[in-house]
Amino acid sequence: MTLNLRAASPVPIGLGLAAVGRPGYITLGRGVDLPAVRTEEALRERAFALMDSAYAQGVRYLDAARSYGLAETYLAQWLRSRPDVTDVVVGSKWGYTYTAGWHTQAEVHEVKDHSAGAYDRQVAETRALLDDRLNLYQIHSVTPDSPALGDTALHERLARLARTGVAVGLSTSGPRQADTIRAALAVTVDGRPLFESFQTTYNLLERSTGTALAEAHAAGRAVIVKEALANGRLTGPHLVLPEMNALLEIARETGATCDAVALAAVAVQPWADVVLSGAATVGQLTSNLAATRVRLAPAQVERLGELAEPPGAYWTRRSQLAWE
């Protein structure tokens, strides 16, 4: 495996553009985090401000997806307008198509398709925007029943992409993420492992993938953590008390914000290469990046571990979040 995200970034935090590439998303509080009028230009300005701030603070991994509205477009425009920025690792994803038509309250926001045909269409779209700046291309939100895990024609296409120097990976979702990771670890083309990275939901509430991610890391795969703040549930304004008392107490003990503590508890995992911030404002991003300065005692990490929910309950709750 050749993808070394730890060596690429001065800080273990990356920036995901899911919250600013389109007017609607499911992160709590997003309705007030973004401008009231969410034009394409307004979100472009916000995305640029976030990427500028992230880069200035040491972030070197940027994450987009075909289904994040104009996220790839904003990222490509930012890269072209910053010719001196040559040291970022750019990742994107295919497998979902954005269908909301720039509306917040759409009947369907995105459509999943992991077929070889969808890959052919979307990799061409991504390449047209990001060209040779694309470093990592992942299948978006794979579950154990995804045809992508067994489609050998698709695997051949992905292997051809890998031979051009673009690492191939996948992201996971749902209560059986660990099963997906282990199934993907076994996928090979011509005797070589196909997937170089796993982008997985892991946070203080959803910890079911820890062992599988450790196995992936031990096998030389890169591990990217998404939704480390549980779509806003682990941030100060949205804590549910008394269930979240431990997080609030440890934030007070460390002098840090709740989001920084929650991110630090994930970043300390030995298998975590990059933990994504999904910030929608520069203030949120700066608060998230303070996680790199939080030092948690073993007893504090153990107390935070008690917040974990059963995977089924966690994903049911996530499915009920409204698009804002």
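Anything mentioned here points back to the structure above.
So, how was this worked out
Residues numbered from 1 in each chain as written. Predicted model: local features only at pLDDT ≥ 70, side-chain atom pairs only at ≥ 80, totals over all residues. Heavy atoms only, no water. Axes fitted to C-alpha atoms, helices over the stretch in contact; angles between N-to-C directions. Helix = DSSP H or I, 4+ residues; strand = E, 2+ residues; numbered from the N terminus. Parallel < 35°, antiparallel > 145°, perpendicular 65-115°, else oblique. Left-handed = near helix turned anticlockwise from the far one by under 90°. Contact = heavy atoms within 4.5 Å. Nonpolar A, V, L, I, M, F, W, Y, C, P; charged D, E, K, R; others polar. Pairing = 2+ DSSP bridges. Buried < 20%, exposed > 50% of the residue type's maximum accessible area, 1.4 Å probe, protein only. Phe/Tyr/Trp six-rings, centres within 6.5 Å; stacked < 30°, edge-to-face > 60°. Lys NZ or Arg CZ within 6 Å of the ring centre and 35° of its normal. Right-handed = clockwise from strand over helix to strand, strands pointing away.

Participant: Residues and numbers for the packing of helix 7 (residues 177-185) against helix 8 (residues 210-218), please.
Facilitator: Put simply, helix 7 and helix 8 touch, their axes get as near as 8 Å, and they point 20° apart. By the angle between their axes, helix 7 is roughly parallel relative to helix 8. Here the hand of the crossing between helix 7 and helix 8 comes out left-handed. Residue-level inspection shows Ala 178, Ile 181, Arg 182 and Leu 185 of helix 7 in contact with helix 8, the latter providing Thr 211, Ala 212, Leu 213, Glu 215 and Ala 216. Grouping the amino acids of the contact of helix 7 with helix 8 by side-chain chemistry returns 6 nonpolar, 1 polar and 2 charged.

Participant: Describe the sheet that holds strand 3 (residues 89-94), naming the residues involved and giving the relevant values.
Facilitator: Read around the barrel, 8 strands follow the order 1-2-3-6-7-10-11-12 and close on themselves; strand pairing throughout is parallel. When strand polarity is set aside, the average angle formed by the axes of neighbouring strands in this sheet is 25°. Pairing geometry for strand 3 and strand 6 (residues 136-142), over 4 bridges, is parallel. The partner of Trp 94 across the bridge, within strand 6, is Ile 139.

Participant: Let's hear about unusual backbone geometry: which residues, and what values?
Facilitator: The omega torsion of the bond from Leu 241 to Pro 242 falls at 10°, within 30 degrees of zero and hence cis. Residue placement: Pro 242 occurs in the loop between strand 11 (222-226) and helix 9 (245-254). Located in the positive-phi region is Glu 227, a residue other than glycine, with phi close to 55°. Inspection of the secondary structure puts Glu 227 in the loop between strand 11 and helix 9. Phi at Asn 231 takes a positive value of approximately 55°, unusual for a residue other than glycine. Counting through the fold element by element, Asn 231 comes out in the loop between strand 11 and helix 9.

Participant: Hey, could you go over helix 11 (residues 282-289) for me, with residue numbers and the actual values?
Facilitator: Within helix 11 the residues assigned to the buried category are Leu 285, Ser 287, Asn 288 and Leu 289. On its buried face, helix 11 sits against strand 1 (13-16), helix 3 (40-56), helix 10 (258-267) and strand 12 (274-277).

Participant: Any chance you could break down the packing of aromatic side chains for me, citing the residues and the numbers?
Facilitator: Applying the stated criterion across every chain yields a total of 6 aromatic pairs. A ring pair is formed by Tyr 119 and Tyr 137, whose centres lie 6.5 Å apart and whose planes are at 55°; its orientation type is tilted. One end of the pair, Tyr 119, is in helix 5 (residues 116-130); the other, Tyr 137, is in strand 6, and 18 residues separate them in sequence. A residue is classified by how much of its surface remains accessible, and Tyr 119, at 4% relative accessible area, is buried. Following the ring pairs from residue to residue traces out a cluster consisting of Trp 94, Tyr 119 and Tyr 137. A cation over an aromatic ring shows up here: Arg 44 above the ring of Phe 48, its NZ or CZ 4.2 Å from the ring centre. Arg 60 extends its terminal NZ or CZ atom over the ring of Tyr 55, reaching a point 3.6 Å from the ring centre.

Participant: I'd love a proper account of the packing of helix 9 against helix 10, names of residues and values included.
Facilitator: Packing of helix 9 against helix 10 leaves a shortest axis separation of 9 Å and a crossing angle of 95°. Our classification of the angle between helix 9 and helix 10 gives roughly perpendicular. Here Leu 247, Leu 248, Ile 250, Ala 251 and Thr 254 of helix 9 come into contact with helix 10, specifically with Cys 258, Val 261 and Ala 262. In terms of residue class, the contact of helix 9 with helix 10 is made up of 7 nonpolar, 1 polar and no charged.

Participant: Describe in detail the pairing of strand 11, supporting the description with residues and values.
Facilitator: Across the 5 residues of strand 11, 5 count as buried, placing the element largely inside the fold. What you see with strand 11 is no split at all: Ala 222, Ile 224 and Lys 226 on one side and Val 223 and Val 225 on the other are buried throughout. Looking at chain direction, strand 10 (residues 197-201) and strand 11 are connected through 5 bridges and run parallel. Of the residues in strand 11, the one forming a bridge with Gln 199 is Ile 224. For the crossover from strand 10 across helix 8 to strand 11, the handedness is right-handed. One ladder, built from 2 bridges, connects strand 11 with strand 12; its direction is parallel.

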